[in-house]
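# Architecture at a glance
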Amino acid sequence: MFRFLVALALILGLSPGLAQAAPTVETAQREVDRLRTLAAEKFEDANEATIRIKALERETGALASREAVLRKELDEASTTLSRIAISQYTAGGFGEGLNLLFSSDPSKYLSDAGTMDLLARNYSKQLRDYATTRQKVEASQFVVADRTAQLRAERERLNKQVANAKASLVKAEKILKGLKKEDRERLAREEAARENQILSASKKYAQSFKGDNSRGSIALKYALQQVGDIYVWAASGPTRWDCSGLTMRAFRQAKVSLPHSSRMQIRYGKTISSRGLKPGDLVFFGRPISHVAIYMGGGKMVHAPRPGKRVEVTKFTMRFGSKPFVGAKRI
């Protein structure tokens, strides 16, 4: 009988190992949560790429403006040499003067032309200015091309990270849609009840926090005021947030400018050990870093977790899901 079943599985294009029961509803929920968390990680990668793109755009724009100035200077230097060459040619000083207009290296032309002694004595500064300006233009063109290539690569990386994140969310939705209607409805009810319980507890924690006038305390108070707002990638308020968007805007209330990226925010402030945490410290998770929260004391932290969740207060531990705690900063 067993051999018959195996043979049947092979005929149907299945392996014996796949002839197993469908995943349980609980397993499906865990996988959905995992995929949503993975999406949040990819969205944080995209946040970092977005910042790099903006920086490269500013740099490329500045370089292009500088190149335009250099080109104008080069045109002016070329015009000056043209007038000198035409003047000397008209006066019969030399017949090869007009070649200066077509020389890629006027100083080399000068050294090769024995008849250019007069020009070298009287107009050497103009020749040097022309050659120097031309070199600057060529160098600027090279740098602009390099930055443009980097910008293109960063945009491709951003598109890939966003696509990966959205693919995780699509897969999660597919898993949910694959469940029986009654199971899907039960999961939705259980998730809503769980989130409402978290929200109720989070609001109590938020109301209990007093704080002081320190930067961290001001930021923490602001973040706690957002409890219950939904997670949306790349959002930084006023009612939608991702993890680094929430911390960025919270510290803006304390007159501190942070980038919209958890991976970049850890570069700011003073490093603090997990044993020395105080309310208002930023805590980071993941290798590479993909999540940030604000410690609020009492072993709690406030954060915007992932798609499908809201800004909440939760327990601070040395792991946030599968992500290890990797550091803390006092801003």
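Structure shown above.
Residues numbered from 1 in each chain as written. Predicted model: local features only at pLDDT ≥ 70, side-chain atom pairs only at ≥ 80, totals over all residues. Heavy atoms only, no water.

### Describing the overall build of the protein
As a reminder of what qualifies: Runs of E in the DSSP output that reach at least two residues are strands. Runs of H or I that reach at least four are helices, and both are numbered from the N terminus. Summary of the burial criterion: residues with accessible area below 20% of their type's maximum are buried, those above 50% are exposed, and those between are partly exposed, where the area comes from a 1.4 Å probe applied to protein chains only. Throughout, a residue-residue contact means that at least one pair of heavy atoms, one from each residue, lies within 4.5 Å. Residue exposure ignores everything except the shown protein chains as possible cover, and the areas themselves are Shrake-Rupley values with a 1.4 Å probe.
Helix and strand counts for the protein stand at eight helices and nine strands. Burial analysis of the protein (331 residues in total) assigns 41% to the buried set. Restricting the contact set of the protein to residue pairs at least 6 apart, pairs at least 24 apart contribute 64%. A total of about 18,800 Å² of accessible surface is found on the protein, and carbon and sulfur atoms cover 54% of it.

### Topic: the environment of G280
When you line up the elements, G280 lands in the loop between β3 (270-272) and β4 (282-285). Between the C-alpha atom of G280 and that of L220, which follows or precedes it by 60 residues, the distance is 5.3 Å. Non-local contacts of G280, meaning those with residues more than four positions away in its chain, are made with G216, S217, L220, F251, I294 and Y295.

### Quick notes on the nonpolar core
Proteins that are soluble and globular tend to have nonpolar side chains buried together. To keep things clear, this is the line we draw: Buried residues of nine kinds, namely Ala, Val, Leu, Ile, Met, Phe, Trp, Tyr and Cys, make up a nonpolar core once their side-chain atoms join them within 4.5 Å.
Ranked by size, the top nonpolar core spans 32 residues in total, and within it L220, L224, F251, L282, I294, V302 and V311 carry the most contacts. Elements that contribute at least two residues to this core include exactly α2 (25-90), α6 (215-225), α7 (243-252), β4 and β5 (291-297). Considering every element that reaches this core, the biggest residue donor is α6, with five residues. For I294, the residues in contact, after removing those within four places along its chain, are A219, L220, A223, T247, A250, F251, G280, D281, L282, V283, M301 and V302. L277, A293, Y295 and A328 belong to the second largest nonpolar core, which has 10 residues in total.

### Considering the packing of aromatic side chains
To describe a pair of aromatic rings, you give the distance between the ring centres and the angle between the ring planes. Quick note on the threshold: Stacked, tilted and edge-to-face are the three classes assigned to paired rings of Phe, Tyr and Trp, where Trp is represented by its six-membered ring and a pair needs centres within 6.5 Å; plane angles under 30 degrees give stacked, over 60 edge-to-face, the rest tilted.
Applying the stated criterion across every chain yields a total of seven aromatic pairs. Judged by centre distance (6.1 Å) and plane angle (85 degrees), the rings of Y222 and W241 are edge-to-face. Of the two residues, Y222 sits in helix α6 while W241 sits in strand β2 (residues 240-241), which places them 19 residues apart along the sequence. As far as the burial class goes, Y222 and W241 line up, both buried.

### Some remarks on the packing of α6 against α7
Note the cut-off: Only C-alpha atoms enter the line fits that serve as axes; for helices the fit covers just the stretch in contact. Angles between N-to-C directions range over 0 to 180 degrees. Note that the term roughly parallel is reserved for angles under 35 degrees, roughly antiparallel for angles over 145, roughly perpendicular for angles of 65 to 115, and oblique for everything else. Each crossing gets its hand from how the near helix is turned against the far one by less than a right angle, where anticlockwise is left-handed and clockwise is right-handed. Here the term charged refers only to Asp, Glu, Lys and Arg, the term nonpolar to Ala, Val, Leu, Ile, Met, Phe, Trp, Tyr, Cys and Pro, and the term polar to all other amino acids, Gly among them.
Packing of α6 against α7 leaves a shortest axis separation of 8 Å and a crossing angle of 125 degrees. By the angle between their axes, α6 is oblique relative to α7. Regarding α6 and α7, the two cross each other, and that crossing is right-handed. Contacts between α6 and α7 pair R215, G216, A219, Y222 and A223 from the former with L246, R249, A250 and F251 from the latter. Classifying every residue of the contact of α6 with α7 gives six nonpolar, one polar and two charged.

### As for helix α5 (residues 181-208)
Operational definition: Multiplying 1.5 Å by the residue count of a helix minus one yields the expected span of that helix.
Taking 1.5 Å per residue, 28 residues should reach 40 Å; α5 reaches 41 Å between its end C-alpha atoms and fits that length. Three or more residues of α5 are buried, namely D183, L187, E191, E195, S202 and A206.

### Considering the environment of G211
If you trace the backbone, G211 turns up in the loop between α5 and α6. Distance from G211 to K221, taken between C-alpha atoms, is 7.6 Å for residues 10 residues apart in sequence. Not counting residues within four places of it along the chain, the set of residues in contact with G211 comprises S217 and K221.

### Description of α6
Listed as buried for α6 are G216, S217, A219, L220, Y222, A223 and L224. Residues of α6 that are buried in the fold lie against α5, β2, α7, β5, β6 (300-303) and β7 (312-315).

### Let's talk about the pairing of β6
Heads up, the rule is: The pairing criterion for strands is at least two bridges between them, as found by DSSP.
Of the two faces of β6, the one carrying K300 and V302 and the one carrying M301 and H303 are both buried. Of the strand pairs in this sheet, β5 and β6 are connected by three bridges, and their pairing is antiparallel. In the strand pairing of β6, G297 is matched with K300. Between β5 and β6, which pair antiparallel and follow one another directly, the connecting turn spans two residues, one of which, G298, has a positive phi of 65 degrees.

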